[in-house]
Amino acid sequence: MKTMGLGHKITKMSLTALLLIIVITMIAPFIWMISASMKYEADVFTFPIQWIPKRFHLIENYSEVWMGKYNLLLYYWNSIKITVISTILQVAFSAMAGYAFAKINFKFKNLVFTSLVATLMIPDQVTLVPKFFIARWMGLYDTHTFIILILSFSVYGMFLMRQYMVTIPDALLESAKIDGANHLRIFAAIMLPMSKPIIATLAILKFVWTWNDYQDSLVFLKSRELFTLQLGIKQFATQSGAIYSLIMAAAVCAIVPLIIIFITGQKYILEGMTAGAIKG
Amino acid sequence: MAIKNSATQRKENLAGYLFLLPILLGFLIFMLFPILFSFILSFSKWDFMKGLSSIKFTGFDNFFAIFKDPWFTSSLKNTFVFAATTVPLSISIGLILAVLIDKYVYFKNFLKLSIFLPYISSIIASAVVWSVVLHPSYGPVNELLKSLGVINPPRWFGDMKWALRAVIAFSIWQQLGYVVLVYMAGLKGIPNELYESADIDGAGKVRVFFSITLPMISPTTFFLLIMQLIGSFKVFDVISALTDGGPGTSTTVIAYYIYRSAFKYFEMGNASASAWIMFICIFAITLFQWKYQKKWDNNN
């Protein structure tokens, strides 16, 4: 490959051109979205498409979406609250459980582990109806607390943590044990710092999943003022008299945090998403 | 580990279960109990306004009832059509793109990240964007089609004939980035010598693809096949965001049927029964995975 001939270069350039066309078509809806979000409502559907608006209505649109009739600020805050709290809780609970399964020899360990992992096969839909009644019996239907509770429990997170912690050599813990450290000390002082990469991976993946969670908020939330961003956006789009430039501005605001997180945490996201695949 | 006396073992037991406490509580309340409860509900009739005592065992009645419900049979059919189209299409397009991006193009990272963009974006926001872009009367896609001389362009998500196809196209668009990414990670694992020796033998690019890349990447293909199949049997967000199962029953799927029966019609028995049908489908895929995983791993 080092001595690439002219023929090779031409093939490579034409394939690049072909793929660029495919990829640009793929992201065209997003480009259209950004462009429409900056337009006067009257200009949104002008054809041929004005990718760069002739007149801008940018600040007006975005301030209307955030502060005006769409109240995006509230939905944003609800999403941030649910996402941040449940991410912290899930990472903490998963790390604790992962440590127990990886490094503590307690009775029925394999049985408990197998039963937990077996439930990965159960689709959410099976537990959805009972969870709805649990929420009502606990008096937590239509509260953020319930959503946070169910999103803080994850067998997948536990599994990811356990698989990573198992690879940390026991020898590292033995010396601490000889010095008289208990499990809590070992967990906090040795395991957590050593598991930073997997913690970052789980935290970022979990953040994205929760941010995008739709089904749980749809089923367990009823009051508009408790809506998450996803429910809010769906609401804007379906209510009558939809204003498309504003809907697009709201969509931009829903997607941008994900792109920022993706760009900053790329390495961890890619690792987390391909981890299972490579092990096969 | 040295031989332990019973006191230390007791301490280990206690420590183990203390560390597991939050996850075990979550497991009992949000998993084990719901599974049992859902199982009971699927064989019962329950007027939930009257409390738990009004649960009546009715055998397989719910299952007979849902199979007579055209909404359910359409949901089942659409789920199979959805899985049978999105999965092979996204996997094959994804593999071709991954191979091209991996070896044959410039701007690798830009291309990879752009394809990944739909996957990382929120499904709901993307769905909203698509439904405006595909707006039947003034969306840019139909404007374009009209300007190209198509007199009656499809009404896309509002069209009996086109809605499911449009949903499938959306899902492939949305999933493709993930498939490409997993394939690119898999391609890194194929030893370069294989390609070099093929090069020396003068094998063409297409030959190399079919006789080296395809067989060597098959464990990744297998993994993607299983994950995507399971994912498409559970599909809900896409449907709820794009079509709410409509028009008519043309895009309803099992997960949407469960949601609809439970939270729009409050038929908890039917909803639970169909949730278990969904489980059976997913379990069948998992059994297939267990059966062939070993075979696959041994071959490679």
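Residues numbered from 1 in each chain as written. Chains lettered and ligands numbered in written order. Predicted model: local features only at pLDDT ≥ 70, side-chain atom pairs only at ≥ 80, totals over all residues. Heavy atoms only, no water.

Participant: Can you help me understand the overall build of chain B in this one?
Facilitator: Regarding its fold elements, chain B presents 13 helices and 2 strands. In terms of overall size, chain B is more extended than a compact globule, its C-alpha atoms giving a radius of gyration of 25 Å where 300 residues would be expected to give roughly 19 Å. When the 300 residues of chain B are sorted by exposure, 56% land in the buried category. Partitioning the intrachain contacts of chain B with sequence separation of at least 6 by distance along the chain shows that 65% fall at a separation of at least 24. (Helix = DSSP H or I, 4+ residues; strand = E, 2+ residues; numbered from the N terminus. Rg over C-alpha atoms; globule rule 2.2 N^0.38 Å. Buried < 20%, exposed > 50% of the residue type's maximum accessible area, 1.4 Å probe, protein only. Contact = heavy atoms within 4.5 Å.)

Participant: Can you walk me through the interface of chain B and chain A in this structure?
Facilitator: Interfaces are frequently sized by the accessible area removed from exposure as the parts join. Contacts between the two partners involve 93 residues from chain B, matched on the other side by 88 residues from chain A. Taking both sides of the interface into account, the surface hidden between chain B and chain A amounts to around 8,400 Å²; carbon and sulfur atoms contribute 82%. On inspection of chain B and its partner chain A, the count reaches 1 salt bridge. Asp-244 of chain B is the salt-bridge partner of Lys-234 of chain A, the closest N and O atoms lying 3.7 Å from each other. Counting residues per element, the side of chain B that touches chain A draws most heavily on helix 1 (residues 6-42) of chain B, at 23 residues. Taken together, the residues of the side of chain B that touches chain A break down into 70 nonpolar, 16 polar and 7 charged. (Buried area = accessible area lost by both parts, 1.4 Å probe. Salt bridge = Lys/Arg side-chain N within 4 Å of Asp/Glu carboxyl O. Nonpolar A, V, L, I, M, F, W, Y, C, P; charged D, E, K, R; others polar.)

Participant: What is the right way to read the packing of helix 3 (residues 72-103) of chain A against helix 9 (residues 183-194) of chain A from this model?
Facilitator: All names here are of chain A. Between helix 3 and helix 9, the least distance of the axes is 11 Å, while the angle of their chain directions is 105°. One way to sum up the angle between helix 3 and helix 9 is to call them roughly perpendicular. Here Ala-95, Met-96, Tyr-99 and Lys-103 of helix 3 lie close against helix 9, whose contacting residues are His-183, Ile-186, Phe-187, Met-191 and Leu-192. (Axes fitted to C-alpha atoms, helices over the stretch in contact; angles between N-to-C directions. Parallel < 35°, antiparallel > 145°, perpendicular 65-115°, else oblique.)

Participant: Would you mind showing me how to read the domain arrangement of chain A here?
Facilitator: Residue and element names in this part refer to chain A. In terms of domains, chain A is made up of domain 1 (2-65) and domain 2 (66-275). If you look at the interface, domain 1 gives 15 residues, while domain 2 gives 19 residues. Note on domain 1 versus domain 2: buried area summed over both sides is about 1,300 Å², and carbon and sulfur give 73% of it. The interface formed by domain 1 and domain 2 holds 0 salt bridges in total. Taken together, domain 1 and domain 2 are joined by 7 residue pairs in polar contact (both at pLDDT 80 or more). (Domains from an automatic or database assignment. Polar contact = N/O pair within 3.5 Å; in protein donor to acceptor, adjacent residues only side chain to side chain.)

Participant: Would you take a moment to explain the environment of Ser-171 of chain B for this structure?
Facilitator: Residues and elements named next belong to chain B. Structurally, Ser-171 can be placed in helix 7 (residues 163-187). What makes Ser-171 buried here is its relative accessible area of 6%. Expressed as a C-alpha distance, the spacing of Ser-171 and Ile-239, which sit 68 residues apart in the sequence, is 9.8 Å. When sequence neighbours within four positions are dropped, the list of residues in contact with Ser-171 reads Phe-82, Thr-86 and Val-238.

Participant: Is there a simple way to explain a nonpolar patch on the surface in this structure?
Facilitator: A contiguous nonpolar patch, built from Met-138 and Leu-149 of chain A together with Leu-14, Leu-18, Leu-21, Leu-25, Leu-28, Ile-29, Leu-32 and Leu-36 of chain B and spanning about 880 Å² of accessible area, is present on the exposed surface. At 8 residues, helix 1 of chain B tops the list of elements feeding residues into the nonpolar patch. Following the sequence through the fold, Leu-36 of chain B ends up in helix 1. (Patch = residues over 30% accessible without salt bridge, like charges linked within 9 Å, V, L, I, M, F, W, Y side chains within 5 Å. Areas by Shrake-Rupley, 256 points an atom, 1.4 Å probe, with all protein chains shown as cover.)

Participant: Sorry if this is basic, but what is going on with helix 2 (residues 58-67) of chain A here?
Facilitator: Counting along an α-helix, one turn takes 3.6 residues, and residues three or four places apart therefore face a common direction. Residues and elements named next belong to chain A. Turning to helix 2, its buried residues are Asn-61, Tyr-62 and Val-65. All buried residues of helix 2 project into a common sector of 90° when viewed along the axis, lining one side. Exposed positions of helix 2 whose direction lies more than 90 degrees from the buried face are Ile-59 and Met-67. (Arc of directions from axis to C-beta.)

Participant: I would appreciate a short explanation of the pattern of salt bridges in the present structure.
Facilitator: Once the charged atoms of two side chains with opposite charge are near each other, the side chains can pair. Residues and elements named next belong to chain A. Under the counting rule described, the total for this entry stands at 5 salt bridges over all chains. Where Arg-55 meets Asp-43, a salt bridge forms, and the shortest distance between an N and an O atom there is 2.9 Å. Taken as a pair, Arg-55 in the loop between helix 1 (6-37) and helix 2 and Asp-43 in the loop between helix 1 and helix 2 lie far apart in primary sequence, 12 residues in all. With a relative accessible area of 42%, Arg-55 lands in the partly exposed category. Look at Asp-43 and you get buried, because its relative accessible area is 11%.

Participant: Would you take a moment to explain the side chain of Gln-125 of chain A for this structure?
Facilitator: When you line up the elements, Gln-125 of chain A lands in helix 5 (residues 124-137). Within the local environment of Gln-125 of chain A, its side chain forms a polar contact with the side chain of Gln-215 of chain A, the two groups lying 3.1 Å apart. Those residues in contact with Gln-125 of chain A, other than ones at most four positions away along the chain, are Gln-215 of chain A together with Lys-234, Phe-236, Ala-255, Ile-258, Ala-275 and Met-278 of chain B.

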